[in-house]
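Summary of structural features
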Amino acid sequence: METDPGWLALHAEREAVERALALAQARQKFSSDPDTAAAARRDEADLLINLDRVLTLIRAAEYRRRPGARRW
């Protein structure tokens, strides 16, 4: 089951979003340009929404992978 392409794709997407989130946070912290820092804050907000979506999909996929999981 660990080689399921959908499962692997979700985790790859999570990793990419987490990496982008870390970069947005670093741009906020280390930018000397207020416009760049503001753009990074907006990016961070969008990325947090996306991360929540991906983590929800991962939790749902984990539940479906359990033996005897209910199908709605």
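Residues numbered from 1 in each chain as written. Predicted model: local features only at pLDDT ≥ 70, side-chain atom pairs only at ≥ 80, totals over all residues. Heavy atoms only, no water.

**Digging into the overall build of the protein chain**
The secondary structure content of the protein chain amounts to 2 helices and 0 strands. Across the 72 residues that make up the protein chain, the buried fraction comes to 21%. Partitioning the intrachain contacts of the protein chain with sequence separation of at least 6 by distance along the chain shows that 56% fall at a separation of at least 24. For the protein chain, the exposed surface amounts to about 5400 Å²; the carbon and sulfur share of it is 58%. On the protein chain, the mean spot of the 13 positive side-chain charges and the mean spot of the 12 negative ones are 6 Å from each other. (Helix = DSSP H or I, 4+ residues; strand = E, 2+ residues; numbered from the N terminus. Buried < 20%, exposed > 50% of the residue type's maximum accessible area, 1.4 Å probe, protein only. Contact = heavy atoms within 4.5 Å. Areas by Shrake-Rupley, 256 points an atom, 1.4 Å probe, with all protein chains shown as cover. Lys, Arg positive; Asp, Glu negative; His and termini not counted. Charge placed at Lys NZ, Arg CZ, Asp CG, Glu CD.)

**Regarding the pattern of salt bridges**
All chains considered together, the criterion is met by 4 salt bridges. For arginine 14, the salt bridge goes to glutamate 18, with nearest N and O atoms at 2.9 Å. In this pair, arginine 14 and glutamate 18 are both assigned in helix H1 (residues 5–30), 4 residues apart and thus about one turn of the helix distant. Looking at arginine 14, the relative accessible area reads 22%, which means it is partly exposed. Residues arginine 19 and glutamate 15 are paired through a salt bridge, measuring 2.8 Å at the closest nitrogen-oxygen approach. In this pair, arginine 19 and glutamate 15 are both assigned in helix H1, 4 residues apart and thus about one turn of the helix distant. Given a relative accessible area of 43%, glutamate 15 falls into the partly exposed group. (Salt bridge = Lys/Arg side-chain N within 4 Å of Asp/Glu carboxyl O.)

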